[in-house]
Structure formats: structure tokens, C-alpha cells
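What follows is each chain in one-letter form.
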Amino acid sequence: MVVKTDAISFPSSAKGIGAIEDILVRRFGADYENVFTFCLAEAPPAASVDFSCHWLVGMSVKANGQLRVGCGRYDWHFGSQGRVEKLVITIELMKVLPPDTVPVSMDWLSTLPYPWCSPERALQQAPAFEQLSDIKAYLMQAGPIASTP
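As the structure is a computational prediction, the values presented were derived from the model and not from experiment. (Residues numbered from 1 in each chain as written. Predicted model: local features only at pLDDT ≥ 70, side-chain atom pairs only at ≥ 80, totals over all residues. Heavy atoms only, no water.)

Buried within helix 4 (residues 133–141) we find Ile135, Tyr138 and Leu139. Summarising the axial view, the buried residues of helix 4 lie within an arc of 100°, below the 170-degree limit, and thus occupy one face. (Buried < 20%, exposed > 50% of the residue type's maximum accessible area, 1.4 Å probe, protein only. Helix = DSSP H or I, 4+ residues; strand = E, 2+ residues; numbered from the N terminus. Arc of directions from axis to C-beta.)

On to the pattern of salt bridges. Under the criterion given, the structure shown has 3 salt bridges. With a closest N to O distance of 3.3 Å, Lys4 and Glu92 form a salt bridge. Taken together, the positions of Lys4 in the loop between strand 1 (2–3) and helix 1 (17–31) and Glu92 in strand 5 (residues 84–97) put the pair 88 residues apart, joining distant regions of the chain. Given the relative accessible area of 25%, Glu92 is considered partly exposed. Between Asp75 and Arg73 there is a salt bridge, with the nearest N and O atoms lying 2.9 Å from each other. Residue class for Asp75 comes out buried when judged on its relative accessible area of 13%. (Salt bridge = Lys/Arg side-chain N within 4 Å of Asp/Glu carboxyl O.)

Within the open sheet, the 5 strands sit side by side as 1-5-4-3-2. Their pairing is mixed. Lying at the two open borders of the sheet, with one neighbouring strand each, are strand 1 and strand 2 (32–39). Of the pairings in the sheet, the one linking strand 1 to strand 5 comprises 2 bridges and is parallel in character. Bridge assignment links Val2 to a residue of strand 5, and that residue is Thr90. Relative to strand 3 (residues 50–61), helix 2 (residues 102–110) is tilted by about 150°, and along the sheet it contacts strand 2, strand 3 and strand 4 (67–78). (Pairing = 2+ DSSP bridges. Contact = heavy atoms within 4.5 Å. Axes fitted to C-alpha atoms, helices over the stretch in contact; angles between N-to-C directions.)

Before going further, it helps to spend a moment on the packing of aromatic side chains. According to the stated counting rule, one finds 6 aromatic pairs in the structure shown. When the centroid spacing of 6.4 Å and the interplanar angle of 5° are considered together, the rings of Phe36 and Phe38 count as stacked. Looking at Phe36, the relative accessible area reads 24%, which means it is partly exposed. Exposure remark for Phe38: the relative accessible area of 1% places this residue in the buried category. Ring centres of Phe38 and Tyr114 lie 6.2 Å apart, and the angle between their planes is 75°; this geometry places the pair in the edge-to-face category. Of this pair, Phe38 sits in strand 2 while Tyr114 sits in the loop between helix 2 and helix 3 (119–124), and the two are 76 residues apart along the sequence. Here Tyr114 falls in the exposed class, since its relative accessible area comes to 63%. One aromatic cluster in this structure is built from Trp55, Tyr74, Trp76 and Phe78. (Phe/Tyr/Trp six-rings, centres within 6.5 Å; stacked < 30°, edge-to-face > 60°.)

Here is the structure:
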């Protein structure tokens, strides 16, 4: 994990299925709900060795009802059997918005194609909240990333 924001925290690495499940499923699921995550690209070819793409996430915080919207990059590396050998998750931006922004934001996120969504499509109906201006700027520059078939 490469975290470039103070709005969310994760350990820098996890090895093995148990550690990954604990961090990305159990702990994450204990803190957040209404989680929508989108890969801002087309699906990679089935035999890809490396695949990188930008991502967008939106979720609400269980403890206080706040909204978190973030974006960054996934860098996937697959082994000979097509299994993930390594995943680098870079969190570029994470914005915290007040609870009253959740309904409109969830309406927006729930209409996007899952899990593959173009940045342009994500921008089309994005809420006009000032707190999302950096996220929108990121989406506007989030073009395709070359992958290795």
C-alpha cells in the first residue's frame, strides 16, 4: 500500500491470504459500509501478466456516517497460473465529506457500471460538492495505463 493522504490509513504491506483478508475484508468491513469500488479501465485480457489501472472508491463510515471518496492506482502482477502474485494499491486522494452528502453520492455511485467504468462516465453525474473538486480533477486526467499482455 502506498498511501498519499492522511484521510485513511492502511498497513504498508500484507503477505498471505490471512493477512490480506484481515486488512481488506474484516477490518475494512468493520469500519465502512456502502462501499463502491471501480476500476477506471476496460477489463484486461485473460492472459495478462501485469495490469494497471486507476480506481475510484466511495463508502460511508459506520461510526459517524461520513462519506469517503478516493482515487488512486492498482498495479496487479499475475503468475503463470493467472493468480495474483503482487498487488500495489496506491491511494492518491481520499476526501472526507459530511453525512448529509451520503444519499446523493450513493445515488451517483450506484448508477455507475461495476466494476469497469471509464473516468468520463464516472464524471458525468458526479455530485457538485466542492469537496470533490480534487477527485474530479484526478478523474479528468486518469487516462489508460499500458499493461503487459
